[in-house]
Amino acid sequence: MVLSSLISPISDSITELLESLKTGKQISPLGLRRSSRLPLLAAFQLSLNRPTLLLTDRTDHALTLIEELALWLPDHPRLLFPEPNALFYEKAEWSEHTRRDRLQVLTSLAAYHIPGVNAPGLSPVIIAPARAVMTRTLPRRDFLKATRILKPGQSINPEETIRYWISIGYDSVNTVISPGQFARRGGIFDLWPSVYPLPIRIELFGDEIESIRRFEPSTQRTIKTAKQAGQDKYLVSPAREFLLDKPDKPKEDGQSSSEYSEFDIPCLHPNPASILDYLPAKALILIDDFQSFQETIEDVEEQSLKIRQDSLKDGTLEDTYPVPYLTLTEITDFLQSRQTVDFGYSADFQYSESTETPLAQRFTFCPRFAGRLKPFIDYVTEFSLKG
């Protein structure tokens, strides 16, 4: 079931709102029911075609939204920016899926800042729960400096390329089977950048890239050349959200590079950064409901403070360990500096039919048929005749 055919009349009825978005005007909270928020998001996306970030409160809600959004925008890229498995101040590994999904989002946004990289025809819609937005990551400047472009006809130094891949977090393996890995067989390199659903095979003629092909990791068989697939450039971005100056050597404290993890991001990169820093200037920031978003952040901060205090008492955390997340103040300061649209209600809003915004009044509840087929058919017939 696809509902995209309903978007056109919605777009036609919100021309004034769309014009405000184009001119950068500040917009008051829209006060929409939850059921009408995704249709409006779809109307924004089809009319403006900007990279869009939708902020929500919890992960379960984010998963529901991204699943429902497929009904409204079946052809647009829909990306989830997940929160880490570990709680703040908890030293635990992030899952492979978490790493991959987060890096895919960061790379897709970083592409808007890299000269020579064409913007995608359809801009992505990214949905991020509160704790994912709070989580600190690799600063955008460092991410961009570490990102390279590969394309046929380009000359590379194989040994330097291998050292570069290792320095940005890729693992050398015999056979590439998961993102963040690379393998070499003579003049053939297999590489799986996290941003792509499939790994790529790079064939060299001397030091020149002769071809780049995608291949299926389960069979190791190539699929299409980059040209045939409509792509002649590939971005190789970091395979993790932190970088080391000398990844092949232990640090002065004796800790080897393999022992570092995302837990060390605040120590390795002191300047706080989040997904918000990766957004291009033209990005559209939507908030599912700011009150719920804010309350979730406050709850996470309170929980994290308790974990920190307990960890300091247990001796499992050093008192010099930096705050591993962005605070509510830091996030709201950023949002106030950009044009945002809150789909929810203002803080002092008291719901009643008379206090609904004009836009909210355009969306009404459908009749409930309780599984009775005949009343439903009669209603659809009547609606069709009126339409």
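What counts and what doesn't
- Residues numbered from 1 in each chain as written.
- Predicted model: local features only at pLDDT ≥ 70, side-chain atom pairs only at ≥ 80, totals over all residues.
- Heavy atoms only, no water.
- Helix = DSSP H or I, 4+ residues; strand = E, 2+ residues; numbered from the N terminus.
- Buried < 20%, exposed > 50% of the residue type's maximum accessible area, 1.4 Å probe, protein only.
- Contact = heavy atoms within 4.5 Å.
- Axes fitted to C-alpha atoms, helices over the stretch in contact; angles between N-to-C directions.
- Parallel < 35°, antiparallel > 145°, perpendicular 65-115°, else oblique.
- Left-handed = near helix turned anticlockwise from the far one by under 90°.
- Nonpolar A, V, L, I, M, F, W, Y, C, P; charged D, E, K, R; others polar.
- Patch = residues over 30% accessible without salt bridge, like charges linked within 9 Å, V, L, I, M, F, W, Y side chains within 5 Å.
- Areas by Shrake-Rupley, 256 points an atom, 1.4 Å probe, with all protein chains shown as cover.
- Salt bridge = Lys/Arg side-chain N within 4 Å of Asp/Glu carboxyl O.
- Lys, Arg positive; Asp, Glu negative; His and termini not counted.
- Charge placed at Lys NZ, Arg CZ, Asp CG, Glu CD.
- pLDDT = per-residue confidence, 0-100.
- Phe/Tyr/Trp six-rings, centres within 6.5 Å; stacked < 30°, edge-to-face > 60°.
- Lys NZ or Arg CZ within 6 Å of the ring centre and 35° of its normal.
- Core = buried A, V, L, I, M, F, W, Y, C linked by side-chain atoms within 4.5 Å.
- 1 Å grid on protein atoms, 1.4 Å probe; cavity = no way out; pocket = protein on both sides within 12 Å on 5 of 7 lines; lining within 4 Å.
- Points joined across faces, edges and corners; volume = space filled by probe spheres on them.

Turning our eyes to something else, we now look at the overall build of the protein chain. Helix and strand counts for the protein chain stand at 12 helices and 13 strands. The buried share of the protein chain, reckoned over its 387 residues, is 48%. Nonlocal contacts in the protein chain, meaning residues at least 24 apart in sequence, comprise 73% of its contacts between residues at least 6 apart.

Our next topic: the packing of helix 3 (residues 37-48) against helix 4 (residues 59-72). Running from amino to carboxyl end, helix 3 crosses helix 4 at an angle of 55°, the nearest separation of the two axes being 10 Å. In terms of their interaxial angle, helix 3 and helix 4 are classed as oblique. The two elements helix 3 and helix 4 meet at a crossing, and its hand is right-handed. Contacts between helix 3 and helix 4 pair Leu-38, Pro-39, Leu-41 and Ala-42 from the former with Leu-65, Glu-68, Leu-69 and Trp-72 from the latter. Here the residues of the contact of helix 3 with helix 4 sort into 7 nonpolar, no polar and 1 charged.

The subject of this paragraph is a negative patch on the surface. On the surface, Glu-295, Glu-298, Asp-299 and Glu-302 cluster together into a negatively charged patch. Along the chain, the position of Glu-298 falls in helix 10 (residues 290-314).

Let's shift gears to the packing of helix 2 (residues 15-23) against helix 3. Contact pair helix 2 / helix 3: the axes reach a minimum separation of 11 Å and the direction vectors enclose 60°. The orientation of helix 2 with respect to helix 3, classified from their angle, is oblique. Our pair here, helix 2 against helix 3, has a crossing hand that is right-handed. Side by side, helix 2 and helix 3 meet where Leu-17, Leu-18, Leu-21 and Lys-22 of the first sit next to Leu-40, Phe-44, Ser-47 and Leu-48 of the second. Of the residues belonging to the contact of helix 2 with helix 3, the class tally is 6 nonpolar, 1 polar and 1 charged.

So, about the confidence of the model for the protein chain. For the protein chain, the mean per-residue pLDDT works out to 86, and 84% of the residues sit at or above 70. Low pLDDT (under 50) marks residues 247-256, which in the prediction has 13 contacts with non-local residues, meaning those over four places away or in another chain.

For the rest of this paragraph, the subject is the packing of aromatic side chains. Two aromatic rings, taken as a pair, are described by how far apart their centres are and by the angle between their planes. Per the counting criterion, the structure on display carries 10 aromatic pairs. Each ring, one from Phe-88 and one from Tyr-325, has its centre 5.0 Å from the other, and the planes form 40°; the classification is tilted. Of this pair, Phe-88 sits in the loop between strand 2 (78-80) and helix 5 (96-110) while Tyr-325 sits in the loop between helix 10 and helix 11 (328-336), and the two are 237 residues apart along the sequence. Joined through ring pairs, the aromatic side chains of Phe-88, Tyr-89, Phe-263, Tyr-321 and Tyr-325 make up one cluster. Positioned above the aromatic ring of Phe-88, the side-chain terminus of Arg-131 is 5.6 Å from the ring centre.

Across soluble globular proteins, nonpolar side chains have a tendency to be buried as a group. In terms of nonpolar packing, the biggest core is built from 65 residues, with Leu-55, Leu-150, Trp-165, Phe-293, Ile-331 and Leu-335 touching the most fellow members. Once residues lying within four places of it in the same chain are set aside, the contact partners of Ile-331 are Val-133, Met-134, Leu-276, Phe-293, Ile-297 and Leu-326. With 33 residues, the next largest nonpolar core counts Leu-30, Ala-42, Val-125 and Val-341 among its residues.

Turning our eyes to something else, we now look at the pattern of salt bridges. By the definition in use, this model includes 14 salt bridges. Across the pair Asp-190 and Arg-185 runs a salt bridge whose closest N-O atoms are separated by 3.0 Å.

For the rest of this paragraph, the subject is empty space enclosed by the protein. This structure, assessed with the given rule, holds 1 cavity of 30 Å³ or more. The volume enclosed by the largest cavity comes to roughly 150 Å³. In terms of residue class, the lining of the largest cavity is built from 12 nonpolar, 1 polar and 3 charged.

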